[in-house]
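Survey of secondary and tertiary structure
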Amino acid sequence: MSARPEVVPPQPWAFPEPERHTLSNGIELLAYDIPGQYVISVRTVLPMSLSVEPREKEGVAALTARLLDEGTARHTSEEFAQLLERKGIALGAGINDSGLGVDLDVPKRRLGEALDLLQQALGEPVFPEAEVTRHVKTRLAEIEQERAMAPHRAAREFIATFFDGAERASRPSAGTHETVSSLTREDFVEFHRRFVGPQGMTVVVAGDLSGVDVRAVADEVLGQWRAEGQEVVTPNAEPPVRAADAARIVLVDRPGSVQSELSVGCAGPDRRAEGGWAAYPVLSFVVGGSPNARVDAVLREEKGFTYGIRSTFRPRRRGGLFLTNGSVRADSTVESVKLLLEILESGREGFSADEVRAGIDYISKTAPGRYATADAVADEAATMALDGMSTDFTTETLLAMQSLDGDALAEAYRRWVDGTWTVVVVGDASLYADQLEELGRGAVTVVPN
Amino acid sequence: MPLDYPIHEKTLPNGLRVVVSPDTSVPNVTVNLWVNVGSRHEAPGRTGFAHLFEHLMFQGSRNVASGEHFTRLMAEGGRLNATTWFDRTNYFETVPKGAYELALWMEADRHGYLLDAVNQANLDNQRDVVKEEKRQRYDNVPYGNALIDTYATVFPADHPYHHPTIGSMEDLDAASLEDVHAFFRRYYGPNNTVLTLVGDLTPEEGFAAAERYFGELPASAEPRRANHDQLEPITSPVRFERHDKVPNDRLHLAFRLPVDNTDDYFAASLALDAIGGLTTSRLVQRLVRREQVANAAQAHSMGFVDGVSLGFVILDIADGQDPDVVEARACEELERFAKEGPTDVEMESALAQAERSWLHSLASQEERADAISQHTLLHDDPQFINTYLDRLNAVTAGQVQAVAQQWLQPQNRAVVAHLVATEEEVA
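Quick caveat, the model's predicted, so the values are computed rather than measured. (Residues numbered from 1 in each chain as written. Chains lettered and ligands numbered in written order. Predicted model: local features only at pLDDT ≥ 70, side-chain atom pairs only at ≥ 80, totals over all residues. Heavy atoms only, no water.)

1. Some thoughts on the overall build of chain B
Each helix and strand counted, chain B has 16 helices and eleven strands in total. A globule of 427 residues ought to have a C-alpha radius of gyration of about 22 Å, and chain B, at 23 Å, matches this closely. In terms of overall dimensions, chain B has C-alpha extents of about 60 × 55 × 40 Å along its principal axes. Considering chain B as a whole, with its 427 residues, one finds that 64% of them fall into the buried category. Contacts spanning at least 24 positions in sequence make up 81% of the contacts within chain B whose residues lie at least 6 apart. Of the accessible surface of chain B, which amounts to about 15100 Å², a share of 48% is contributed by carbon and sulfur atoms. Averaging the positions of the 36 positive and the 64 negative side-chain charges in chain B gives two centres separated by 1 Å. (Helix = DSSP H or I, 4+ residues; strand = E, 2+ residues; numbered from the N terminus. Rg over C-alpha atoms; globule rule 2.2 N^0.38 Å. Buried < 20%, exposed > 50% of the residue type's maximum accessible area, 1.4 Å probe, protein only. Contact = heavy atoms within 4.5 Å. Areas by Shrake-Rupley, 256 points an atom, 1.4 Å probe, with all protein chains shown as cover. Lys, Arg positive; Asp, Glu negative; His and termini not counted. Charge placed at Lys NZ, Arg CZ, Asp CG, Glu CD.)

Structure below.
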């Protein structure tokens with residue numbers, strides 16, 4: 001073989017700059033012109049808090065989003081679906097703890113027609129009785145599907161254990177069987193009338209915009225939308241409260257499981273955290289972001305217990321979580337939990353120079369490729385807008401990363417990782433409950449699947 | 001809109017086909033290799049081996065330490081992986097331009113000199129990892145075996161697509177170091193591989209770098225066998241039932257289809273879109289929206305090269321509905337489609353969605369490189385990414401109907417039913 005080639009370092013990179021406009025009705029428009037991207041990605045975001053949902057009507061926000069294109073003032077549900085499909089438009093809507101998002105992808109030449117339909121979905125949904133019934137039934141079936149899937153089941157138990165029971169964040173964002181069953185057409189009409197409107201909304205348009213007057217095209221339809229009486233929701237000022245007994249182990253019992261699904265976590269920062277956000281993407285990578293990161297170097301590459309476990313600092317609008325998720329061979333459950341917690345805590349002692357360099361370089365040098373396509377640019381801009389920020393934050397974070405060292409990473413890690421964990425295991429309780437208790441990592445509670 | 005992504009092609013003396021597609025929009029280069037070996041080449045008793053072998057390609061080679069392929073390239077800003085499928089195995093990384101020669105050097109080292117580093121410990125470890133992958137993706141998932149059952153039901157027992165790429169636990173256990181050596185010698189080599197480079201480089205740079213790092217490898221792979229002849233459709237329905245702890249009944253209605261990259265395959269994919277793939281498809285309109293006897297209906301086509309492709313419809317049966325009744329209604333729609341052919345609106349919709357989906361996949365360098373390698377390796381057609389939409393648009397409603405009549409009628413179906421087990425069955 002020839003000699004190993006030297007690597008020439010890449011040039012610094014910044015997130016693309018958008019054109020910014022304010023439409024006639026106050027919607028903020030961000031337009032990213034990315035030559036060669038023939039599918040245009042449109043992201044509409046409206047910051048909101050799920051705590052506006054009445055306790056007994058949880059899920060109304062998520063199902064409102066799903067019903068937006070299921071019948072409008074001008075078109076039945078089937079007609080609307082056909083209009084989208086004939087123009088090659090993909091439309092989807094959803095909600096999370098930061099707000100409502102309606103996404104659309106469309107070939108460039110159809111952008112104007114697509115925005116017109118988007119406006120109709122956002123502004124003129126009529127929530128036909130038959131579609132409401134169908135979507136409620138579909139969500140109820142989905143809840144059962146989620147119960148059957150170990151990662152979903154683990155996630156549901158994690159939030160129920162970690163957050164205080166009074167917090168909206170402790171329950172599924174799309175509602176439970178009980179709350180969803182109670183939803184009626186009037187609930188959706190009311191929720192839409194009160195909370196969905198142009199105030200506070202941002203529209204991101206990304207793709208090859210040469211020859212397109214985006215401002216005019218967007219203003220012609222989206223800019224003309226008025227919503228009388230829209231209530232603007234201020235995001236929660238405080239992070240959701242952690243449960244007093246969050247530091248424990250919950251075993252979701254699934255007799256006969258060939259694997260145990262693990263979900264381990266503690267509180268984490270949001271993007272406005274004291275000391276800055278830049279350390280956390282790097283820490284996610286170094287601790288659990290690759291087959292040779294700390295967790296998988298042992299649990300996968302040394303022990304062969306897992307196909308792969310990932311750690312990530314996940315910011316919310318306020319507060320966040322540091323989560324580690326993955327599945328392990330059933331008979332390795334106890335040893336895996338023990339090793340995993342030790343590995344996660346080892347970060348408190350610090351990180352090697354190689355780990356620091358590799359983590360910073362991975363996050364910063366992959367950025368041009370991670371944000372090369374219209375949908376990736378639009379998604380990032382939408383995420384930032386929902387968080388009340390701009391993609392300047394993305395660029396600033398990459399810049400701030402360059403000056404991180406091992407001490408800074410260890411300090412950032414210790415700020416959140418203090419050795420108290422919420423541990424959820426979805427697996428066979430009869431085999432592992434006692435041994436998990438003996439780890440001394442907190443009381444073990446067994447709950448049914 | 002005609003597409004004109006630049007395509008430059010050259011074959012090295014050792015048989016390596018190299019395609020370079022310059023794109024300066026991002027200062028990156030995607031390195032993408034397709035090797036003409038997949039689970040369709042596996043010997044009886046060694047299912048899952050092509051995929052297990054792919055894992056070993058990350059465990060070091062003559063000049064690269066175990067795990068270094070991931071750690072070194074990720075630390076240079078690389079995003080990388082590899083996958084195995086019925087027809088082939090691919091290896092790929094997207095790196096900053098200044099690191100693409102390192103990536104090529106590392107690829108050449110493992111594609112040429114893997115056997116210097118393979119050992120029993122690595123084999124045993126990756127065997128364990130792959131078994132956990134199987135448990136995570138198939139065994140510990142509701143309906144996780146649905147597609148595996150589908151392949152086994154719709155294709156004959158001795159056919160290359162009868163068994164899944166993940167293989168069986170018994171066969172994974174049986175894999176030995178001798179198997180690794182024999183497999184590498186037989187299938188790995190520049191004469192059985194395509195290398196595609198997409199990104200911020202010129203054709204001259206790309207060809208020179210390919211020659212620099214891969215030029216010395218001998219044309220070591222055995223000659224390819226011919227693909228199997230086209231399988232005929234099933235002529236009377238076959239059925240497989242699994243009673244399991246699942247939330248609701250789910251049916252897969254599967255069909256043999258014409259081989260990939262033919263007008264008939266494209267027509268079959270449009271037919272399946274109209275039947276069950278679109279959100280306005282016949283099955284969604286009737287079973288999900290109007291009669292509400294199914295929670296969801298989908299349809300998919302998977303193009304293969306070895307004598308047959310696969311099409312299937314998935315029906316999620318709503319609570320309290322009889323799966324036999326829902327299946328009978330789906331069969332009525334298949335019959336009606338074969339009798340009437342697609343409407344103009346169905347053709348327009350299927351083509352419009354296919355266009356967006358294709359342009360969307362070509363939007364990233366990674367997927368573009370993968371599509372180029374695929375069609376160069378399996379179909380000798382490096383220009384495919386530019387011509388596909390024109391070919392699809394040339395398919396007529398008459399062709400779609402003819403294909404549906406031949407391949408997508410009720411009698412052509414293989415049904416895999418995953419049904420909610422009764423209390424007794426669970427016990």
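Let us keep going from here.
2. Focus on the UniProt feature "domain: Peptidase M16 C-terminal" (unreviewed entry) in chain B
As annotated in UniProt, the feature "domain: Peptidase M16 C-terminal" (unreviewed entry) corresponds to residues 176-353 of chain B in the numbering used here. Helix and strand shares over residues 176-353 of chain B are 42% and 22% respectively, and the end C-alpha atoms of the span are 46 Å apart. (UniProt positions renumbered as here; feature names shortened; annotations may be inferred.)

3. A look at the domain arrangement of chain A
Residues and elements named next belong to chain A. Entries for chain A in the domain assignment read domain 1 (19-224) and domain 2 (249-448). On a C-alpha basis, the centres of domain 1 and domain 2 stand 29 Å from each other. Of the residues lining the interface, 33 residues belong to domain 1; the matching set on domain 2 comes to 32 residues. Across the domain 1-domain 2 interface, the total number found is two salt bridges. Across the pair Asp-379 and Arg-43 runs a salt bridge whose closest N-O atoms are separated by 2.6 Å. The tally of links from domain 1 across to domain 2 stands at seven residue pairs in polar contact (both at pLDDT 80 or more). Elements that contribute at least two residues to the side of domain 1 that touches domain 2 include exactly strand S3 (39-47), strand S5 (99-107), helix H4 (129-148), helix H5 (150-162) and strand S6 (202-207). (Domains from an automatic or database assignment. Salt bridge = Lys/Arg side-chain N within 4 Å of Asp/Glu carboxyl O. Polar contact = N/O pair within 3.5 Å; in protein donor to acceptor, adjacent residues only side chain to side chain.)

4. Remarks on the interface of chain A and chain B
With 70 residues of chain A in contact, the opposing surface of chain B contributes 71 residues. For the chain A and chain B pair, buried surface summed over both sides reaches about 5900 Å², with 54% attributable to carbon and sulfur atoms. Area buried by chain A at its contact with chain B is led by A:Met1, A:Glu85 and A:Tyr307, which between them contribute 15% of it. Our count for the chain A to chain B interface comes out at six salt bridges. We note a salt bridge from A:Glu78 to B:Arg290, for which the minimum N-O separation is 2.7 Å. (Buried area = accessible area lost by both parts, 1.4 Å probe.)

5. Side note on the UniProt feature "domain: Peptidase M16 N-terminal" (unreviewed entry) in chain A
Listed under "domain: Peptidase M16 N-terminal" (unreviewed entry) in the UniProt record, and renumbered for this structure, are residues 53-160 of chain A. For residues 53-160 of chain A, helix accounts for 57% and strand for 15%, while the C-alpha atoms at its two ends are 18 Å apart.

6. Observations regarding the packing of helix H1 (residues 60-67) of chain A against H4(A)
Residues and elements named next belong to chain A. Running from amino to carboxyl end, H1 crosses H4 at an angle of 120°, the nearest separation of the two axes being 11 Å. Comparing the axis directions of H1 and H4 gives the class oblique. Pair H1 / H4 crosses with right-handed handedness. Residues Leu-63, Arg-66 and Leu-67 of H1 lie in contact with H4, whose contacting residues are Glu-131, Val-132, His-135, Val-136, Arg-139 and Glu-142. (Axes fitted to C-alpha atoms, helices over the stretch in contact; angles between N-to-C directions. Parallel < 35°, antiparallel > 145°, perpendicular 65-115°, else oblique. Left-handed = near helix turned anticlockwise from the far one by under 90°.)

7. Let's talk about the domain arrangement of chain B
Residues and elements named next belong to chain B. The assigned domain composition of chain B is domain 1 (8-214) and domain 2 (238-426). Centre-to-centre separation of domain 1 and domain 2, based on C-alpha positions: 28 Å. Across the boundary between the two partners, domain 1 contributes 42 residues, which contact 38 residues of domain 2. Here Asp-23 and Arg-368 are joined by a salt bridge, their closest N and O atoms 2.9 Å apart. Across the contact surface, domain 1 and domain 2 share 18 residue pairs in polar contact (both at pLDDT 80 or more). Only strand S2 (17-22), strand S3 (28-35), strand S5 (89-96), helix H5 (146-154) and strand S6 (193-199) provide two or more residues apiece to the side of domain 1 that touches domain 2.

8. Digging into helix H10 (residues 282-290) of chain B
All names here are of chain B. Within H10, eight of the nine residues are buried, leaving the element largely enclosed by the surrounding structure. Listed as buried for H10 are Arg-282, Leu-283, Val-284, Gln-285, Arg-286, Leu-287, Val-288 and Arg-289. Of the residues one or two after H10, Gln-292 is the one with positive phi, at around 55°.

9. Points about the UniProt feature "domain: Peptidase M16 N-terminal" (unreviewed entry) in chain B
Those places that UniProt annotates as "domain: Peptidase M16 N-terminal" (unreviewed entry) correspond, in this numbering, to residues 18-133 of chain B. For the annotated span residues 18-133 of chain B, helix accounts for 38% and strand for 23% of the residues, and the straight-line distance between the end C-alpha atoms is 32 Å.

10. Section: the sheet that holds strand S10 (residues 309-317) of chain B
Residues and elements named next belong to chain B. Judged by pairing direction, the sheet is mixed, and its five strands sit side by side in the order S7-S11-S8-S10-S9 without closing on themselves. Both edges of this open sheet fall to strand S7 (238-244) and strand S9 (294-302), since each of them pairs with a single strand only. Taken pair by pair, the neighbouring strands of this sheet meet at an average axis angle of 15°, ignoring direction. Bridging between strand S8 (residues 250-257) and S10 involves eight bridges; their strand directions are antiparallel. Pairing of Leu-257 across the sheet is with Ser-309, part of S10. (Pairing = 2+ DSSP bridges.)

11. A closer look at the pairing of S3(B)
Residue and element names in this part refer to chain B. With eight of eight residues buried, S3 lies mostly within the body of the structure. Side chains Asn-28, Thr-30, Asn-32 and Trp-34 project from S3 onto one buried face, and the interleaved Val-29, Val-31, Leu-33 and Val-35 project onto a second face that is buried too. As paired strands, S3 and S5 are joined by eight bridges and run antiparallel to one another. Looking at S5, one finds that Asn-28 is bridged to Pro-96. Sheet topology note: the S3/S6 ladder contains seven bridges and is antiparallel. Looking at S6, one finds that Val-35 is bridged to Thr-193.

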